[in-house]
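Residue strings, one per chain:
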Amino acid sequence: MFLHSVNLWNLAFYVFMVFLATLGLWDVFFGFEENKCSMSYMFEYPEYQKIELPKKLAKRYPAYELYLYGEGSYAEEHKILPLTGIPVLFLPGNAGSYKQVRSIGSIALRKAEDIDFKYHFDFFSVNFNEELVALYGGSLQKQTKFVHECIKTILKLYKGQEFAPKSVAIIGHSMGGLVARALLTLKNFKHDLINLLITQATPHVAPVMPLDRFITDFYTTVNNYWILNARHINLTTLSVAGGFRDYQVRSGLTFLPKLSHHTSALSVVSSAVPKTWVSTDHLSIVWCKQLQLTTVRAFFDLIDADTKQITQNSKKKLSVLSHHFIRHPSKHFEENPAIISDLTGTSMWVPVKVSKWTYVAYNESEKIYFTFPLENHRKIYTHVYCQSTMLQGVDLSWKAELLPTIKFLTLRLQDYPSLSHLVVYVPSVHGSKFVVDCEFFKKETRFIQLPVTHLFSFGLSSRKVMLNTNGLYYNIELLNFGQIYQAFKINVVSKCSAVKEEITSIYKLHIPWSYEDSLTIAQAPSSTEISLKLHIAQPENDSHVALLKMYTSSDCRYEVTIKTSFSQILGQVVRFHGGALPAYVISNMLLTYRGQLYSLFSTGCCLEYATMLDKEAKPYKVDPFVIIIKFLLGYKWFKELWDVLLLPELDAIILTSQSMCFPLISLILFLFGTCTAYWSGLLSSASVRLLSSLWLALKRPSELPKDIKMISPDLPFLTIVLIIVSWTTCGALAILLSYVYYVFKVVHLQASLTTFKNSQPVNPKHSRRSEKKSNHHKDSSVHHLRLSANDAEDSLRMHSTVINLLTWIVFLSMPSLIYWLKNLRYYFKLNPDPCKPLAFILIPTMAVLGNTYTVSIKSSKLLKTASQFPLPLAVGVIAFGSAHLYRVPCFAFIPLLLHALCNFM
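Residues numbered from 1 in each chain as written. Predicted model: local features only at pLDDT ≥ 70, side-chain atom pairs only at ≥ 80, totals over all residues. Heavy atoms only, no water.

**Section: the overall build of the protein**
Then, in step 1: Each helix and strand in the protein was counted, giving 27 helices and 27 strands.
Then, in step 2: Reported as C-alpha extents along the three principal axes, the dimensions of the protein are approximately 120 × 70 × 60 Å.
Then, in step 3: Taken over 905 residues, the protein has a buried fraction of 55%.
Then, in step 4: Long-range pairs, those at least 24 residues apart, make up 80% of the contacts in the protein between residues at least 6 apart in sequence.
Then, in step 5: In the form shown here, the protein has an accessible surface area of approximately 41500 Å², with 59% of it arising from carbon and sulfur atoms. (Helix = DSSP H or I, 4+ residues; strand = E, 2+ residues; numbered from the N terminus. Buried < 20%, exposed > 50% of the residue type's maximum accessible area, 1.4 Å probe, protein only. Contact = heavy atoms within 4.5 Å. Areas by Shrake-Rupley, 256 points an atom, 1.4 Å probe, with all protein chains shown as cover.)

What follows is the structure, encoded as structure tokens:
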């Protein structure tokens, strides 16, 4: 029945949109590198010692606890407090466990053992009862206050010690990082209680899914405080993102705001972190061995030898974090590195006059200094590049940089006009082989421009560059690339002359405006595919160019091809805007609902949901209004009028401020919303028919109601009971129960209509006479309306749309219900409850609609008004609900309320 109302072209369109959505979803959930993280293991059995909290505190927060992590003898020794180490507090995120601290805690313990416990860290962890704070924001403030109490409790454990700490370092995973930042917003919180904050996969910019106003209010409070008080916040903060493997929290949300007067914050993607160089998913970021080793090395370099605690020197803290997380010079951190090196001694000095030089060290017993005179080279070349495969050892230059298989140095000769020689130092080695390569080159031969292909080329065209010189290093400038909606595939083909040994090439994507670099290691000869897409769009005032840095072999020739990747563009649409889809689905359904109500008003009958969706759900009815409003808000007078009316900020402006505007993105999302609304309607229609068949199989056949009663005797009682349930427990629970009641009424009507049709004789003339008789009786009896088969079918068509709207309202209300059920043993009443106000209105509305038939509202004076409201609401849900999903149900229930009121007016 549902499919019959759709023509083949529309059905083909809906299938095609499903195909496009599948491509985008595949890219988000599967289109990334394999998990290259090494698992971190405990060397001894992990133990979690519960820290006793004050009774008042434990009573105020019965679901929360504080633990101290330990292993083996360390755990045994520290069961007797007080403590003597450096305190670090781990805060888990959404549904996170306090036991996630074990990875970094164990690695730090091993590191302390290596230095005979000269310094050691005490890792504490908070048990938030694995609360779903990404779904329900009402407990975020409570968690923040509990963490404040935990910090004060932790510092008391060190009282009386010689080097007692006055502050703690915090590691926050996911929403735990946001809770840590929120500490600074508390009235009685002293900022110097935190000396360092490291967040892992924390969405700092905005919530992943703004499902209730408590989450968005919490974000607004935290971010506004940090922006307005940036000059006074001296907290060194590092945010680490997981990269494209983390599809739960996209990396663009993890970047802390860049403020010119706040230089104590760093944001980096794990794939760009030296000695890590891997993308992590949302959970593996807390146990990824490479990343945790880097974090622990940074912690030990942050220790002040005088206080035996983390240094209070902000400059040193930032230098240490930059050394380990941004650019590693292949040397141990030194606070004041020596610029001048002593080159005296009995070592061999060898002059080198060629422009390209390779040295292979096997088992040399003496140190060698190779000297390159620069006077003649300056006349011909602009740069010098050196690389070494020996990753361990002494380096004389802090300009070097570390990569997985080499460390390299690039110098621009004109920056060192007084330098007479370049010296390459080769230490004595025993039993190990390494290679040192150096070359002088002209910039124009190694810095090559490659414009990216057009967005709408769909991968049908490509651009290519050949690297025919036998160089060691190339910089390919990717011109016209800087937007998040751009995505490309780069293919690097290497062809090598006959060589016996394996040749390794490294391709590094360098994004200069954000630390989101990624590395690809390839064995030559080979064909290597690299994905090119962004987490952060290029700022408007930034003129840098994205680079593909190639560390190559002189024995190989390289061919680089770039073309647009359509599937990855769709992936970027899903990644950045998929959360807004419910708003566009509801907008489509509201337009369909409007068409059905107006059809009922003008013709007296209601068309099929799918037919009306095809007829009414058009993007030109919605998008132009949003675009015009956004344009007018650029004028001062309109903005002042907007503020006077107390209207919220337009979501399109918020997305623009976050550099998330795609070309035609609203149109694309609207079409995806149309497709989703269609398949949602098909599913709900099939479900009602299936349930009605099951009802008829279990119960005796029911008849169409003889008399239509808008308010049955049990309806007021049921409504009052559900409102009491909403008030005393959870509003979403009451909404769900009301929805079940409404579905039951629709299923019962469907079953009654099926029984009626099956009982009618096959003779069509007799059927028409019966229908006329029924209609005549209906017309002659105004106060006791009878329901004909046509009226029942019309009512079912209308109920089909209402069920679709209610299904999405219930779906968007479910997060708070899930949170309430999970914490039922601690709290019987959800407080604060984001769904309670909605429940108070929606419960009686659904109760009335469950007993509403089209025949009872055709003559309503309110029907024309009710049919006009969904259009502005369809515009409003896009304008104000695409970035604030909790507002979507508020737009959806208004036409439902007017529909219900049509029974009485």
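**Re the side chain of Q309**
Then, in step 1: For Q309, the position within the fold is in strand β10 (residues 309-310).
Then, in step 2: Side-chain polar atoms of Q309 contact the backbone oxygen of G85, separated by 3.3 Å.
Then, in step 3: Sequence-distant contacts of Q309, defined by excluding residues within four places in its chain, comprise G85, I86, P87, F163, P165, L302, I303 and D304. (Polar contact = N/O pair within 3.5 Å; in protein donor to acceptor, adjacent residues only side chain to side chain.)

**Description of the sheet that holds strand β20 (residues 463-467)**
Then, in step 1: Overall, antiparallel pairing links the four strands, which are arranged β20-β27-β22-β25 in an open sheet. Edge positions in the open sheet fall to β20 and β25 (526-533), since each of these has one partner strand only. Strand-to-strand twist of the sheet, defined as the mean angle between neighbouring strand axes without regard to direction, takes the value 15°.
Then, in step 2: Note that β20 and strand β27 (residues 556-564) share five bridges and pair antiparallel. Of the residues in β27, the one forming a bridge with L467 is Y558.
Then, in step 3: Packed on one face of the sheet, helix α12 (residues 566-577) meets β22 (487-496), β25 and β27 and runs near 35° to β25. (Pairing = 2+ DSSP bridges. Axes fitted to C-alpha atoms, helices over the stretch in contact; angles between N-to-C directions.)

**So, the packing of aromatic side chains**
Then, in step 1: Taken as a whole and assessed by the stated rule, the structure comprises 43 aromatic pairs.
Then, in step 2: Relative to F128, the ring of Y64 lies with its centre 5.4 Å away and its plane at 80°, an arrangement referred to as edge-to-face. With Y64 in the loop between α2 (55-60) and β2 (65-71) and F128 in the loop between β4 (121-127) and α5 (140-156), this residue pair connects regions lying 64 residues apart in the sequence. The two residues Y64 and F128 agree in class, both being buried.
Then, in step 3: Put simply, the rings of W357, Y359, F370, F372, Y381 and F440 pair up and form one aromatic cluster. (Phe/Tyr/Trp six-rings, centres within 6.5 Å; stacked < 30°, edge-to-face > 60°.)

**Observations concerning the domain arrangement of the protein**
Then, in step 1: Assigned domains within the protein: domain 1 (46-326), domain 2 (348-444), domain 3 (446-573) and domain 4 (579-758 + 786-903).
Then, in step 2: Spacing between the C-alpha centres of domain 2 and domain 4 amounts to 70 Å. (Domains from an automatic or database assignment.)

**Considering the packing of helix α22 (residues 789-822) against helix α23 (residues 836-849)**
Then, in step 1: Contact pair α22 / α23: the axes reach a minimum separation of 13 Å and the direction vectors enclose 155°. By the angle between their directions, the pair α22 and α23 is classed as roughly antiparallel. The handedness of the crossing between α22 and α23 is left-handed. Contacts from H799, V802, L806, I809 and S813 in α22 reach L838, L842, M846 and L849 in α23. (Parallel < 35°, antiparallel > 145°, perpendicular 65-115°, else oblique. Left-handed = near helix turned anticlockwise from the far one by under 90°.)

**Re unusual backbone geometry**
Among all residues except glycine, the phi angle is most often negative; among peptide bonds, the trans geometry is most common.
Then, in step 1: In this model, A524 is joined to P525 through a cis peptide bond whose omega is 0°.
Then, in step 2: That bond from N831 to P832 is cis: its omega, 0°, falls within 30 degrees of zero.
Then, in step 3: Take P832: it is sitting in the loop between α22 and α23.
Then, in step 4: Although it is not a glycine, A95 sits at a positive phi angle of roughly 60°.
Then, in step 5: Residue placement: A95 occurs in the loop between β3 (86-91) and α4 (102-114).
Then, in step 6: Notably, N129 is not glycine yet its phi reads approximately 60°, a positive angle.
Then, in step 7: By secondary structure assignment, the location of N129 is in the loop between β4 and α5.
Then, in step 8: Given a relative accessible area of 10%, N129 falls into the buried group.

**Points about the nonpolar core**
Then, in step 1: The biggest cluster of nonpolar side chains holds 140 residues, and the ones touching the most others in it are L478, I490, L548, M550 and V560.
Then, in step 2: Contacts of M550, omitting those with residues within four sequence positions, involve L467, L472, Y473, Y474, I476, V492, I506, Y507, Y558 and V560.
Then, in step 3: Counting 47 residues, the second-largest nonpolar core is a separate cluster that includes L91, L157, I170 and W226. (Core = buried A, V, L, I, M, F, W, Y, C linked by side-chain atoms within 4.5 Å.)

**Concerning the pattern of salt bridges**
Then, in step 1: In total, this model carries 22 salt bridges according to the counting rule given.
Then, in step 2: The partner of R110 in a salt bridge is E44, with the nearest N and O atoms 3.5 Å apart. Of the two residues, R110 is situated in helix α4 and E44 in the loop between α1 (8-30) and β1 (46-50); the sequence distance between them amounts to 66 residues.
Then, in step 3: A residue is classified by how much of its surface remains accessible, and R110, at 13% relative accessible area, is buried.
Then, in step 4: Using a relative accessible area of 32% as the deciding quantity, one classes E44 as partly exposed.
Then, in step 5: Among the charged side chains, a salt-bridge network with shared partners connects E44, E71, R110 and E113. (Salt bridge = Lys/Arg side-chain N within 4 Å of Asp/Glu carboxyl O.)

**Side note on the state of the cysteines**
Then, in step 1: Evaluated as defined, the whole model comprises three disulfides.
Then, in step 2: One disulfide in the model links C37 with C288; its S-S distance is 2.2 Å. Classification of the bridge connecting C37 and C288 rests on its S-S torsion, roughly -90°, and on that basis the disulfide is left-handed. Here C288 lies in the loop between β8 (265-269) and α8 (289-301) and C37 lies in the loop between α1 and β1, a separation of 251 residues in the sequence. Exposure class is identical for C37 and C288. Each is buried.
Then, in step 3: Paired by a disulfide, C386 and C438 hold their sulfur atoms 2.1 Å apart. (Disulfide = S-S within 2.5 Å.)

**Focus: the packing of α22 against helix α27 (residues 888-901)**
Any two packed helices are characterised by how steeply their axes cross, that is the angle between the axes, and by the distance between the axes.
Then, in step 1: Relative to each other, α22 and α27 sit at 150°, their axes nearing to 10 Å. Crossing of α22 over α27 shows left-handed handedness. Counting all contacts with α22, which are made through M798, V802, L805, L806, I809 and L812, the residues of α27 involved are V888, P889, A892, F893, L896 and H899.

**Some details on helix α7 (residues 213-228)**
Then, in step 1: Spanning 16 residues, α7 covers 22 Å between terminal C-alpha atoms, matching the ideal 22 Å at 1.5 Å per step.
Then, in step 2: Three or more residues of α7 are buried, namely F214, I215, T216, F218, Y219, V222, N223 and W226.
Then, in step 3: Where α7 is buried, its residues meet α5, α6 (175-182) and β7 (237-241). (Expected span 1.5 Å × (residues − 1).)

**Some words on the sheet that holds strand β19 (residues 447-451)**
Then, in step 1: One open sheet holds the five strands; their spatial order is β19-β21-β26-β23-β24, and the pairing between them is mixed. Looking at the sheet topology across the chains shown, the edges are occupied by β19 and β24 (518-524). The mean angle between the axes of side-by-side strands here comes to 20°, regardless of whether they run parallel or antiparallel.
Then, in step 2: Two strands pair when backbone bridges link them, and strand β23 (residues 503-510) and β24 are joined in this way by seven bridges, in the antiparallel orientation. Residue pairing across strands places L509 opposite S518, the latter belonging to β24.

**With respect to helix α26 (residues 870-881)**
Then, in step 1: Counting buried positions over the 12 residues of α26 gives 10, a clear majority of the element.
Then, in step 2: Within the span of α26, buried status applies to P870, L873, A874, V875, G876, V877, I878, A879, F880 and G881.
Then, in step 3: Of the surrounding secondary structure, the elements contacted by the buried residues of α26 are α13 (581-603), α15 (623-632), α16 (636-644), α17 (651-657), α25 (863-868) and α27.

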